[in-house]
Amino acid sequence: MQSTSSFTYHAKIRDVFREMSQVVVGQDQLLNRLLIGLFTGGHILLEGVPGLAKTLTINTLAKVLELDFQRIQFTPDLLPADLIGTMIFNQKTAEFEVKQGPIFANLILADEVNRSPAKVQAALLEAMQEKQVTIGEETFLLDRPFLVLATQNPVEQEGTYPLPEAQVDRFMMKVFVDYLSREDELEVMRRMSNMNFDYEVQPVLDKDDLIAIRDEINGISISETLERYIIELVFATRRPLDYGLRDEARYIQFGVSPRASINLNLAAKALAYFDRRDYVLPEDIKEVAPDVFNHRLLLNYEAEADQITPLQVIDAILRKVAIGR
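Residues numbered from 1 in each chain as written. Predicted model: local features only at pLDDT ≥ 70, side-chain atom pairs only at ≥ 80, totals over all residues. Heavy atoms only, no water.

Participant: I would appreciate a short explanation of the pattern of salt bridges in the present structure.
Facilitator: Pairing is possible between side chains that carry opposite charge, provided their charged atoms lie close to one another. Scanning the entire structure with this criterion turns up 17 salt bridges. Salt-bridge contacts for Arg-259 lead to Asp-169; the nearest nitrogen and oxygen are separated by 2.8 Å. Here the residue Arg-259 occupies a position in helix α11 (residues 258-274), and Asp-169 occupies one in the loop between α6 (165-168) and β9 (173-176), the gap between them amounting to 90 residues. Residue Arg-259 is classed as partly exposed on the basis of its relative accessible area of 31%. A salt bridge links Arg-191 to Glu-187, with the nearest nitrogen and oxygen atoms 3.0 Å apart. With Arg-191 and Glu-187 both in helix α7 (residues 182-192) and four residues apart, this pair spans about one turn of that helix. Put simply, Arg-33, Glu-287 and Asp-291 are held in one network by salt bridges that share partners. (Salt bridge = Lys/Arg side-chain N within 4 Å of Asp/Glu carboxyl O. Helix = DSSP H or I, 4+ residues; strand = E, 2+ residues; numbered from the N terminus. Buried < 20%, exposed > 50% of the residue type's maximum accessible area, 1.4 Å probe, protein only.)

Shown next as structure tokens:
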């Protein structure tokens, strides 16, 4: 039986999906994961080939939620100051003034984040973790909510600087954006080939609403059995032989970090909230576990040689590890 006592904003969340669908076609799962990150304070890493409406989705979402949006194109010549800002000399006052960079927004699209050098990546990830930046001798708090959506192009790797594993771990989820279905792509073609198409989305939620939604999600309950189930899933990536995962043990180099258990708990609560439940089900955990685990599970060269992916290993773990083990 579903409880509906604390779902003040559920109708508005449905309106967010409906308003988004007027512009973006076939990306409901991507939008679902973006909202999970936004409502629980987690950053999202997106991976997909160009042209799948990642930028359009995020830009439209910012308008629907009345949030400030900035798109930053990461390039090899980008400097940390281009991201966070710098001190400039004002000739009129003969004093240095702070010029804030594009990081000072609510939604940040870090496009092709792996094209920038390590210093720029570090500046971005420090802002993600600390929710603040330092320019000169001044420290500035970033506006809340603050969500970074970083994209990686899986096809073109020449001239890229892959994110170190410790930094990738700071993303709540890694979401793969796939090609559209035939019907969805047909709809996109029809819309975009109409040169008069210019739908203006209407705001549905604001910053105060997002804070209230976060509080409601925080009130979702999760049983001790399911809390321990999350821990067992995490430990199965670290000690696969203890769980009878002999084939998978050959391929795992490092299991997932403690951030995986925290983020899996939060994401499962958000899914339950979207489904108008005030409690988490095992299906919630299983649905988001691949997105939470896939960038944290490090496989070895043998896995690469055998063309084994993290998602295949995670699928085996979800099938093998029992609830209440």
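Resuming the write-up.
Participant: Looking at this structure, I do not really get the layout of surface pockets. What am I missing?
Facilitator: In this approach the atoms are scanned with a rolling probe the size of a water molecule, which exposes any empty space left behind. Taken as a whole, the largest pocket encloses approximately 860 Å³ of empty space. In terms of lining residues, the largest pocket is bounded by 26 residues, among which Glu-165, Lys-174, Leu-297, Leu-298 and Pro-310 are the most central. Broken down by secondary-structure element, the contributors of at least two residues to the lining of the largest pocket are β1 (44-47), α6, β9, β11 (298-299), α13 (301-305) and α14 (310-320). When the residues that make up the lining of the largest pocket are grouped by side-chain class, the tally is 13 nonpolar, nine polar and four charged. (1 Å grid on protein atoms, 1.4 Å probe; cavity = no way out; pocket = protein on both sides within 12 Å on 5 of 7 lines; lining within 4 Å. Points joined across faces, edges and corners; volume = space filled by probe spheres on them. Nonpolar A, V, L, I, M, F, W, Y, C, P; charged D, E, K, R; others polar.)

Participant: Please clarify how the packing of helix α2 (residues 28-40) against helix α8 (residues 207-218) should be interpreted in this entry.
Facilitator: Each pair of packed helices can be summarised by the angle the axes make with each other and by the distance between the axes. Direction vectors running N to C along α2 and α8 enclose 90°, while the axes themselves pass 8 Å from each other. It follows that α2 is roughly perpendicular to α8 by the angle criterion. Contacts between α2 and α8 pair Leu-38, Phe-39 and Thr-40 from the former with Leu-210, Ile-213, Arg-214 and Ile-217 from the latter. Of the residues assigned to the contact of α2 with α8, the class counts are five nonpolar, one polar and one charged. (Axes fitted to C-alpha atoms, helices over the stretch in contact; angles between N-to-C directions. Parallel < 35°, antiparallel > 145°, perpendicular 65-115°, else oblique. Contact = heavy atoms within 4.5 Å.)

The analysis is restricted to geometry; functional conclusions fall outside its scope.
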